[in-house]
Amino acid sequence: MTKVYLERDGDRYTVACKDHATGSEAVCAAVSTLCYTLAGYLHNIPCEIEKEELKMGDARIIFYGRSEPARAGFDMACVGFLQLAASYPEYVSAEIQEIE
(Lines give C-alpha, C1' and ligand atoms only; values in the text may rest on other atoms or scores of the structure.)
Protein backbone atom coordinates (compact mmCIF):
# COMPACT_ATOMS: atom_id res chain seq x y z
CA MET A 1 0.00 0.00 0.00
CA THR A 2 1.18 3.50 -0.84
CA LYS A 3 1.34 5.81 2.15
CA VAL A 4 1.21 9.51 1.37
CA TYR A 5 2.11 12.12 3.99
CA LEU A 6 1.47 15.80 3.30
CA GLU A 7 2.50 18.50 5.76
CA ARG A 8 2.19 22.28 5.84
CA ASP A 9 4.26 23.94 8.56
CA GLY A 10 4.01 27.67 8.01
CA ASP A 11 5.73 28.24 4.66
CA ARG A 12 7.41 24.79 4.64
CA TYR A 13 5.70 22.01 2.72
CA THR A 14 6.40 18.26 2.67
CA VAL A 15 5.02 15.67 0.28
CA ALA A 16 6.22 12.12 0.92
CA CYS A 17 5.08 8.89 -0.76
CA LYS A 18 6.29 5.51 0.43
CA ASP A 19 5.97 2.15 -1.32
CA HIS A 20 4.20 3.42 -4.43
CA ALA A 21 5.72 0.71 -6.60
CA THR A 22 3.55 -1.92 -4.89
CA GLY A 23 -0.09 -2.84 -5.39
CA SER A 24 -1.67 -1.48 -8.55
CA GLU A 25 0.37 -0.35 -11.56
CA ALA A 26 -2.28 2.26 -12.40
CA VAL A 27 -2.19 3.71 -8.88
CA CYS A 28 1.62 3.70 -8.91
CA ALA A 29 1.54 5.62 -12.19
CA ALA A 30 -0.96 8.11 -10.76
CA VAL A 31 1.20 8.68 -7.65
CA SER A 32 4.28 9.16 -9.82
CA THR A 33 2.42 11.56 -12.08
CA LEU A 34 1.32 13.72 -9.15
CA CYS A 35 4.86 13.77 -7.72
CA TYR A 36 6.56 14.61 -11.01
CA THR A 37 3.94 17.23 -11.83
CA LEU A 38 4.46 18.93 -8.47
CA ALA A 39 8.25 18.82 -8.88
CA GLY A 40 8.04 20.33 -12.37
CA TYR A 41 5.65 23.01 -11.18
CA LEU A 42 7.94 23.97 -8.31
CA HIS A 43 10.84 24.58 -10.70
CA ASN A 44 8.73 27.23 -12.43
CA ILE A 45 7.45 29.27 -9.48
CA PRO A 46 9.06 31.38 -6.75
CA CYS A 47 9.98 28.86 -4.04
CA GLU A 48 13.00 27.16 -2.50
CA ILE A 49 13.25 23.39 -2.97
CA GLU A 50 14.98 21.86 0.05
CA LYS A 51 14.73 18.23 -1.08
CA GLU A 52 13.55 16.52 -4.23
CA GLU A 53 13.89 12.74 -4.24
CA LEU A 54 11.92 10.93 -6.92
CA LYS A 55 12.97 7.29 -6.71
CA MET A 56 11.25 4.08 -7.73
CA GLY A 57 8.75 3.38 -4.98
CA ASP A 58 9.52 6.40 -2.83
CA ALA A 59 9.30 10.14 -3.31
CA ARG A 60 9.92 13.11 -1.03
CA ILE A 61 9.59 16.76 -1.90
CA ILE A 62 10.20 19.46 0.68
CA PHE A 63 9.93 23.09 -0.31
CA TYR A 64 9.52 26.58 1.12
CA GLY A 65 7.40 29.32 -0.31
CA ARG A 66 5.41 32.31 0.88
CA SER A 67 3.87 32.91 -2.53
CA GLU A 68 0.35 32.00 -3.58
CA PRO A 69 1.72 29.69 -6.30
CA ALA A 70 3.65 27.68 -3.67
CA ARG A 71 0.56 27.24 -1.53
CA ALA A 72 -1.53 26.41 -4.62
CA GLY A 73 0.94 23.71 -5.68
CA PHE A 74 0.73 22.06 -2.28
CA ASP A 75 -3.06 22.34 -2.24
CA MET A 76 -3.24 20.76 -5.70
CA ALA A 77 -1.11 17.85 -4.53
CA CYS A 78 -3.33 17.38 -1.45
CA VAL A 79 -6.50 17.31 -3.57
CA GLY A 80 -4.96 14.85 -6.03
CA PHE A 81 -3.73 12.45 -3.36
CA LEU A 82 -6.98 12.64 -1.38
CA GLN A 83 -8.97 11.85 -4.52
CA LEU A 84 -6.68 8.93 -5.28
CA ALA A 85 -7.02 7.58 -1.74
CA ALA A 86 -10.81 7.93 -1.89
CA SER A 87 -10.97 6.09 -5.22
CA TYR A 88 -8.46 3.35 -4.33
CA PRO A 89 -8.46 2.95 -0.54
CA GLU A 90 -7.04 -0.56 -0.84
CA TYR A 91 -3.91 0.86 -2.49
CA VAL A 92 -3.43 4.40 -1.13
CA SER A 93 -3.75 6.16 2.21
CA ALA A 94 -3.20 9.91 2.55
CA GLU A 95 -2.58 11.89 5.72
CA ILE A 96 -2.48 15.68 5.86
CA GLN A 97 -0.94 17.53 8.79
CA GLU A 98 -1.25 21.28 9.32
CA ILE A 99 1.22 22.82 11.76
CA GLU A 100 0.88 26.55 12.28
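Higher on the page you've got the structure.
Described in the following lines is the structure provided in the data block. Numbering of residues begins from 1 in every chain and follows the order in which that chain's sequence is written. In view of the model being predicted, local features appear only for residues whose pLDDT reaches at least 70, and side-chain atom pairs are presented and counted only at 80 or more, with totals across whole chains, interfaces and linings using the full set of residues. As a convention, hydrogens and water are excluded, and side-chain values are obtained from all of the structure's heavy atoms.

If you tally the helices and strands in the protein chain, you get 2 helices and 5 strands. When its helices and strands are written in sequence order, the protein chain yields β-β-α-β-β-α-β. Note that the radius of gyration is over C-alpha atoms, with the globule rule given as 2.2 Å times the number of residues to the power 0.38. Relative to the globule expectation of 13 Å for 100 residues, the C-alpha radius of gyration of the protein chain, 13 Å, shows essentially globular dimensions. For the protein chain, the spread of C-alpha atoms along the principal axes amounts to about 35 × 25 × 15 Å. Among the 100 residues that make up the protein chain, the fraction classed as buried is 39%. If you take every contact in the protein chain between residues at least 6 apart in sequence, the share linking residues at least 24 apart comes to 60%. For this count, His and the chain ends are skipped, Lys and Arg are scored as positive, and Asp and Glu as negative. Where a charge sits is defined by one atom per residue type, namely NZ (Lys), CZ (Arg), CG (Asp) or CD (Glu). Taken together, the 9 basic and 16 acidic charged side chains of the protein chain have centroids lying 4 Å from each other. We count a stretch as a helix when DSSP gives it H or I for four or more residues in a row; a strand needs E for two or more, and each element gets its number in order from the N terminus. For every residue, the accessible area (1.4 Å probe, protein chains only) is compared with the maximum for its type, and the residue is labelled buried under 20%, exposed over 50%, or partly exposed between those bounds. A contact between two residues is defined here by any heavy atoms of the two lying within 4.5 Å.

Expected span of a helix, by definition, is 1.5 Å for each gap between consecutive residues, and there is one gap fewer than residues. Relative to the 28 Å expected for 20 residues at 1.5 Å per residue, helix 2 (residues 68–87) spans 28 Å between its end C-alpha atoms, a close match to the ideal helical length. All of the buried residues along helix 2 are Ala70, Gly73, Phe74, Ala77, Cys78, Gly80, Phe81, Leu84 and Ala85. Within helix 2, the buried residues cover an arc of 165° as seen down the axis, which keeps them to one side. For helix 2, the exposed residues lying more than 90 degrees away from the buried face are Glu68, Gln83 and Ala86. Picture the helix axis, draw a direction to every C-beta atom, and the arc is the one those directions span.

Strands qualify as paired when DSSP identifies two bridges or more between them. Sheet topology places strand 3 (residues 48–55) next to strand 4 (residues 58–64); 7 bridges connect them, and they run antiparallel. Among the inter-strand pairings, Glu48 is bridged to a residue of strand 4, identified as Tyr64.

What follows deals with the sheet that holds strand 2 (residues 12–18). In spatial order, the strands read 3-4-2-1-5; together these 5 strands make up an open sheet with mixed pairing. Both edges of this open sheet fall to strand 3 and strand 5 (92–99), since each of them pairs with a single strand only. Across the sheet, the mean angle from the axis of one strand to that of its neighbour is 5°, orientation sign disregarded. Throughout, an axis means a line fitted to C-alpha atoms (over the contacting stretch in the case of helices), and angles, computed between N-to-C directions, take values from 0 to 180 degrees. Together, strand 1 (2–9), strand 2, strand 3, strand 4 and strand 5 form the strand contacts of helix 1 (residues 25–42), whose direction differs from that of strand 4 by roughly 25°.

Here we take up the nonpolar core. By convention a nonpolar core is built from buried Ala, Val, Leu, Ile, Met, Phe, Trp, Tyr and Cys residues, the set being connected through side-chain atoms within 4.5 Å. The biggest cluster of nonpolar side chains holds 24 residues, and the ones touching the most others in it are Leu6, Cys17, Val31, Leu38, Phe63, Phe74 and Phe81. Every element with two or more residues in this core is listed here: strand 1, strand 2, helix 1, strand 4 and helix 2. Apart from the residues lying within four places of it in its own chain, the contact partners of Phe81 are Val4, Leu6, Val15, Cys17, Val31, Leu34, Cys35 and Ala94.

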